[in-house]
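Working through the structure, step by step
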Amino acid sequence: MNLWLWILIACALAYLTKLVGYFVPAKLLESPRIMHVAGTMTIGLLASLTVVNAVASGQGLVLDARIGALVAAGVALWLRAPFLVVVISGAAAAALLRLLGWG
Amino acid sequence: MSGGPAPLKLRESPAFKVALSLSIATGLYGVSFGALAVASGFDFWQTMVLSLLLFSGGSQFAFIGVVAGGGSGVAAMTASALLGLRNGIYGMQINAMLRPGGWKRYVSAHVTIDESTATASGQSDPDEQRRGFWTAGIGIFILWNIFTAIGALAGDAMGDPKQWGLDGAAVAAFLALLWPRLRGREPWAIAAACALATIVAVPFVPSGVPILVAAVVAGVIGWFSHARMDEGLEPDVDPYAEKHRREHGGRK
C-alpha cells in the first residue's frame with residue numbers, strides 16, 4: 001500500500017512538472033541556469049542509476065554477472081544497436097555468465 | 001487542424017512518417033519496462049499506472065530501478081521527479097511552438113516527453129511541428145502502454161528474473177538511456193563525476209540515496225557550468241538520426 005502512495009505522488013509530480021512548462025512564463029524557465037540544471041541532472045541521474053544497478057548490492061559493492069551486462073550493452077550501443085537490442089544483449093550477457101557459474 | 005493553404009495528406013507529411021516510426025521504436029521498448037517492473041516486485045497494475053500516468057520512460061525506469069535496489073518509496077519518487085525536470089523545459093518549448101489553447105494544453109502536457117518534443121523541434125513548418133508532436137506523443141502513449149502490458153504479463157510468466165539476466169537488462173536499459181546524451185566532453189565528465197559520487201556513497205547511506213547524492217552533484221555542476229543550452233536534453237531515440245548522420249556524422 002505504501003508503495004502505491006509513492007507511485008501516485010510520483011505520477012502527480014511528473015504531470016505537474018510537464019504542465020508547469022505550459023503555464024509559467026517562458027522567461028522564467030528559459031534562464032540558462034535552469035536549462036543547464038535540468039540537462040546535467042538528467043545525465044547525472046542516468047549515470048548514477050547505471051552504476052547502482054551494475055555494482056551495488058544493498059550497501060555493498062560487488063562485481064558479478066551484471067558487469068558483463070554493462071560491457072555487452074556498451075558494445076551494442078557502440079555498434080549503434082537499437083534500444084531493445086541493447087537491453088536484450090545486457091540480459092543475455094548476464095544470463096550466460098550465470099550459466100557459466102559466475103556471479 | 002489549422003487550415004493551411006494546401007492541406008497536406010497525412011501520409012505525405014514528413015513529420016507524420018518520422019513520428020510513426022519513432023512511436024514503434026519507442027513503444028517496443030515498453031516491453032523491457034513491463035518485464036523489469038514485474039521482476040522488481042511491482043504488480044501488474046502498479047506497472048501499468050506508471051506507464052499510463054507517469055508516462056516518461058527515464059523516470060519510470062528510475063522509479064523501479066531504485067525500488068529494485070532496495071531503496072525506499074520516497075527515494076524512488078524523488079529520483080523519478082528529478083529525472084522528469086527536463087519535461088518542464090519541453091513543456092515550455094512546445095507551448096511556445098504550438099500555443100495549444102484550453103483543454104488541449106492539459107492533454108499535450110501529458111504527452112510532452114523527449115521524443116514528441118524532439119520530433120516537433122526537428123520541423124520548421126508550424127503545421128508539421130504540430131503533426132509531429134501529436135503523432136509521436138499519442139502514438140508512443142498508445143504503443144508504450146500496450147507493450148508495457150505485454151512485458152508485465154511475460155515477466156510474470158518468466159519465473160526467476162535473475163536466471164534470465166533481467167538485472168543485467170536493467171543495467172543495459174539505463175546505459176542506453178544515458179548514451180544518446182553523452183555527446184561531447186562535458187557530458188562524459190558529468191556522467192563520470194556522478195558515477196564516482198554514487199560508488200563512494202553506496203557503503204555509507206541507505207539504498208536509493210546514492211542516486212540522490214549524484215543528483216546534487218549534477219545540479220551543482222549544472223548551476224555553475226557554461227555548457228551548451230540543450231545538453232542532456234536529447235531524446236532516447238533520435239527521430240532524425242538518419243539526417244543527423246548524413247549531415248555531420250553525428251548530432252549537432
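In this text the structure is predicted, and so the values were computed from the model without any measurement.

Bringing the overall build of chain A into the picture now. Across its full length, chain A holds five helices and two strands. When the helices and strands of chain A are read in sequence order from the N terminus, they spell out α-α-α-β-β-α-α. The C-alpha atoms of chain A give 19 Å as radius of gyration, which overshoots the globular expectation for 103 residues (13 Å, by more than 25%). Principal axes of the C-alpha set define a box for chain A whose edges measure 55 × 40 × 25 Å. Pairs at least 24 residues apart make up 38% of the contacts formed inside chain A by residues separated by at least 6 positions.

Often the size quoted for an interface is simply the accessible area lost on bringing the parts together. Across the contact, 89 residues belong to chain B and 68 residues belong to chain A. With 13 residues, the top contributor of residues to the side of chain B that touches chain A is helix α10 (residues 166–178) of chain B. Partitioning the side of chain B that touches chain A into residue classes produces 55 nonpolar, 26 polar and eight charged.

Moving on, we get to the domain arrangement of chain A. Taken as a whole, chain A is organised into domain 1 (1–27) and domain 2 (28–99). Look at where the C-alpha atoms of domain 1 of chain A and domain 2 of chain A centre, and you get two points 25 Å apart.

Take the packing of helix α4 (residues 57–68) of chain B against helix α5 (residues 73–83) of chain B next. Packed helices, taken two at a time, are described by the angle their axes make and the gap between the axes. All names here are of chain B. Between α4 and α5, the least distance of the axes is 8 Å, while the angle of their chain directions is 160 degrees. Between α4 and α5, the crossing angle belongs to the class labelled roughly antiparallel. Where α4 crosses over α5, the handedness of that crossing is right-handed. Contacts between α4 and α5 pair Gly58, Ser59, Ala62, Phe63, Val66 and Val67 from the former with Ala75, Ala76, Ala79, Ser80 and Leu83 from the latter.

Now for the domain arrangement of chain B. Residue and element names in this part refer to chain B. As assigned here, chain B comprises domain 1 (13–181) and domain 2 (184–233). Computed over C-alpha atoms, the centres of domain 1 and domain 2 are 22 Å apart. Counting residues at the interface gives 14 residues for domain 1, matched by ten residues for domain 2. Elements that contribute at least two residues to the side of domain 1 that touches domain 2 include exactly α5 and α6 (85–98). At five residues, α5 tops the list of elements feeding residues into the side of domain 1 that touches domain 2. Along the lines of polarity and charge, the residues of the side of domain 1 that touches domain 2 split into seven nonpolar, five polar and two charged.

Once that is clear, we can look at the nonpolar core. Within the largest apolar cluster, 113 residues are counted, with the highest numbers of intra-cluster contacts made by Leu45 and Ala73 of chain A together with Ala176 of chain B. In contact with Ala73 of chain A, not counting residues within four places along its chain, are Val86, Ser89 and Gly90 of chain A together with Val171, Ala172, Leu175 and Ala176 of chain B.

Glancing now at unusual backbone geometry. Non-glycine residue Arg80 of chain A carries a positive phi angle of around 65 degrees. Positive phi, close to 40 degrees, is recorded for Phe55 of chain B, a residue that is not glycine. Inspection of the secondary structure assignment puts Phe55 of chain B in the loop between α3 (44–54) and α4. A residue is classified by how many C-beta atoms lie within 10 Å of it, and Phe55 of chain B, with 24 of them, is buried.

Residue and element names in this part refer to chain A. Structurally, the position occupied by Val62 is in the loop between β2 (60–61) and α4 (65–78). Residue classification places Val62 among the exposed positions, given that 12 C-beta atoms sit within 10 Å. As a C-alpha pair, Val62 and Leu13 span 49 residues in sequence and 34 Å in three-dimensional space.

All names here are of chain B. Where α6 contacts helix α8 (residues 114–121), the two axes come as close as 10 Å, and the packing angle between them is 35 degrees. Where α6 crosses over α8, the handedness of that crossing is left-handed. Taken together, the residues of α8 that come into contact with α6 (itself represented by Tyr90, Gln93, Ile94 and Met97) are Thr117, Ala120 and Ser121. Here the contact of α6 with α8 is built from residues that sort into four nonpolar, three polar and no charged.

All right, on to α3 of chain B then. By the burial criterion, the buried members of α3 of chain B are Gln46, Thr47, Leu50, Ser51 and Leu54 of chain B. One face of α3 of chain B carries all of its buried residues, which in axial projection span an arc of 135 degrees. Packed against the buried residues of α3 of chain B are α1 (2–23) of chain A together with α2 (30–39), α4, α5 and α9 (126–158) of chain B.

In this section: the environment of Tyr22 of chain A. With respect to the helices, strands and loops of the structure, Tyr22 of chain A is situated in helix α1. For Tyr22 of chain A and Phe83 of chain A, which are 61 residues apart along the polypeptide, the C-alpha to C-alpha distance reads 30 Å. With sequence-adjacent residues up to four places away left out, Tyr22 of chain A is seen in contact with Gly91, Asn95, Arg105 and Ala109 of chain B.

Further remarks concern the confidence of the model for chain B. All names here are of chain B. In the predicted model, chain B carries a mean pLDDT of 88, and 91% of its residues have values of at least 70. Element-level pLDDT for chain B is lowest in helix α13 (residues 241–248), with a mean of 65, against a maximum mean of 98 in α3. Predicted confidence is poor over residues 1–5, with pLDDT under 50, and the contacts of this stretch with residues over four places away or in other chains come to three contacts. As a predicted assembly, this complex carries a pTM of 0.84 together with an ipTM value of 0.92.

Cut-offs and rules
- Residues numbered from 1 in each chain as written.
- Chains lettered and ligands numbered in written order.
- Predicted model: local features only at pLDDT ≥ 70, side-chain atom pairs only at ≥ 80, totals over all residues.
- Helix = DSSP H or I, 4+ residues; strand = E, 2+ residues; numbered from the N terminus.
- Rg over C-alpha atoms; globule rule 2.2 N^0.38 Å.
- Contact = placed C-beta atoms within 7 Å.
- Nonpolar A, V, L, I, M, F, W, Y, C, P; charged D, E, K, R; others polar.
- Domains from an automatic or database assignment.
- Axes fitted to C-alpha atoms, helices over the stretch in contact; angles between N-to-C directions.
- Parallel < 35°, antiparallel > 145°, perpendicular 65-115°, else oblique.
- Left-handed = near helix turned anticlockwise from the far one by under 90°.
- Core = buried A, V, L, I, M, F, W, Y, C linked by C-beta atoms within 7 Å.
- Buried ≥ 20, exposed ≤ 12 C-beta atoms within 10 Å, placed from the backbone.
- Arc of directions from axis to C-beta.
- pLDDT = per-residue confidence, 0-100.

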